[in-house]
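A look at the structure
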Amino acid sequence: MPFLQLQQQHGPHFAQPTAVPWGAILLSGVLLALQTTMVPDRWKQAVSRACVTSDLVIGQRQWHNLLLPGLHSSDPLHTAYTVVSCSDWVTTVEGKMGSGRFVGATVGLTAATNLAFSVLTYYVLPNLKEVAGVRAYEMRYKCFLGLTATLIAMKGLYCAYYPGHGYLFLVFLVPVPMFIGVVCEVTLLYFALPHLWIVGNVSGAVVGMLIYWYLRGQHIP
């Protein structure tokens with residue numbers, strides 16, 4: 001696992017200032033709890049009804065839809081991808097940032113990726129006839145949900161914090177540049193989770209690449 005590999009490379013204190021990744025634990029717990037009967041139905045319905053569409057976000061100014069749909073998982077495989085990521089390499093990012101900054105980064109990346117998705121599907125992609133099976137007139141109403149795009153964007157932070165370590169393909173460190181790794185991961189998710197429109201994960205990849213290009217070579221505290 002990347003967390004253990006980085007401990008070996010950087011010593012037992014590389015993950016300071018956060019000894020326990022409370023943010024990742026909380027996020028995993030919420031995602032899992034929403035799949036059980038522990039959570040009241042009205043809360044689960046509030047999450048499941050939320051959806052990122054550019055019509056809701058840009059057309060109707062329902063800005064809460066930039067965040068709430070991130071807690072929704074469409075099926076067990078979708079849940080597994082997010083929870084396993086939060087239990088593995090996400091703890092490394094939180095260890096580097098600290099829990100407070102990590103929570104802020106997670107919220108910010110979720111909003112940024114969903115806003116990028118909304119901008120693409122409201123202003124840009126409707127100029128095309130069809131994208132991945134979705135016709136132009138449907139794009140402003142096409143739903144995207146879950147944390148996959150946020151996690152892909154967060155890998156830009158990981159690559160900036162640990163340059164030269166390769167790309168985290170799913171949860172495995174692979175010695176390839178970030179661009180190649182993220183293209184392969186988005187492609188794999190397209191086939192593994194076909195009900196999630198690929199444009200959402202592409203939005204996460206774009207945000208992640210921009211973060212990586214901006215931060216690389218800089219001293220990141």
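None of these values were measured; they are calculated from a predicted model. (Residues numbered from 1 in each chain as written. Predicted model: local features only at pLDDT ≥ 70, side-chain atom pairs only at ≥ 80, totals over all residues. Heavy atoms only, no water.)

Ranked by size, the top nonpolar core spans 45 residues in total, and within it Trp 89, Met 154, Leu 157 and Trp 197 carry the most contacts. Mapped onto this core, the elements with two or more residues apiece are helix 6 (89–97), helix 7 (99–124), helix 8 (148–161), strand 3 (167–169), helix 9 (178–192) and helix 10 (198–215). Non-local contacts of Trp 197, meaning those with residues more than four positions away in its chain, are made with Phe 117, Thr 121, Leu 125, Val 131, Ala 132, Val 134, Met 139, Lys 142 and Phe 144. One finds Leu 27, Leu 31, Val 83 and Cys 86 within the second-largest nonpolar core, a separate group that totals 5 residues. (Core = buried A, V, L, I, M, F, W, Y, C linked by side-chain atoms within 4.5 Å. Buried < 20%, exposed > 50% of the residue type's maximum accessible area, 1.4 Å probe, protein only. Helix = DSSP H or I, 4+ residues; strand = E, 2+ residues; numbered from the N terminus. Contact = heavy atoms within 4.5 Å.)

Taken together, the side chains of Trp 63, Leu 115, Val 119, Tyr 123 and Val 124 present a nonpolar region at the surface, about 460 Å² in accessible area. On the secondary structure map, Leu 115 appears in helix 7. The class of Leu 115 is partly exposed, set by a relative accessible area of 36%. (Patch = residues over 30% accessible without salt bridge, like charges linked within 9 Å, V, L, I, M, F, W, Y side chains within 5 Å. Areas by Shrake-Rupley, 256 points an atom, 1.4 Å probe, with all protein chains shown as cover. Salt bridge = Lys/Arg side-chain N within 4 Å of Asp/Glu carboxyl O.)

Once that is clear, we can look at the pattern of salt bridges. Under the counting rule described, the total for this entry stands at 2 salt bridges. Of the charged contacts in the structure, one is a salt bridge between Glu 130 and Arg 135, with a shortest N-O distance of 3.7 Å. Overall, the relative accessible area of 42% leaves Glu 130 in the partly exposed class. Classification of Arg 135 as partly exposed rests on a relative accessible area of 44%. The salt bridge partner of Glu 185 is Lys 155, with a shortest N-O separation of 2.8 Å. Of this pair, Glu 185 sits in helix 9 while Lys 155 sits in helix 8, and the two are 30 residues apart along the sequence. As far as burial versus exposure is concerned, Glu 185 and Lys 155 are alike and both buried.

Turning our eyes to something else, we now look at the environment of Cys 86. With respect to the element layout, Cys 86 can be found in helix 5 (residues 76–87). In this structure Cys 86 comes out as buried when scored by relative accessible area, which is 2%. Put simply, Cys 86 and Leu 27 are 59 residues apart on the chain and 7.5 Å apart in space, counted from C-alpha to C-alpha. Setting aside residues no more than four positions away along its own chain, Cys 86 makes contact with Ala 24, Leu 27, Ser 28 and Thr 91.

For the rest of this paragraph, the subject is the side chain of Thr 82. Within the secondary structure, Thr 82 is located in helix 5. If sequence neighbours within four positions are ignored, Thr 82 has contacts with Leu 31, Ser 73, Leu 147, Thr 148 and Leu 151.

With respect to the helices, strands and loops of the structure, Gly 98 is situated in the loop between helix 6 and helix 7. Judged by relative accessible area, Gly 98 falls into the buried class, the value being 7%. Counting along the chain gives 78 residues from Gly 98 to Val 20, while the straight-line C-alpha distance between them is 9.5 Å.

Another point: helix 9. The end-to-end C-alpha separation of helix 9 is 20 Å, in line with the 21 Å expected for 15 residues at 1.5 Å each. For helix 9, the set of buried residues is Met 178, Gly 181, Val 182, Glu 185, Val 186 and Leu 189. Angularly, the buried residues of helix 9 cover 130° about the axis, an arc narrow enough to put them on a single face. Among the exposed residues of helix 9, those oriented more than 90 degrees off its buried face are Phe 179 and Phe 191. Here the buried face of helix 9 lies against helix 5, helix 8, strand 3 and helix 10. (Expected span 1.5 Å × (residues − 1). Arc of directions from axis to C-beta.)

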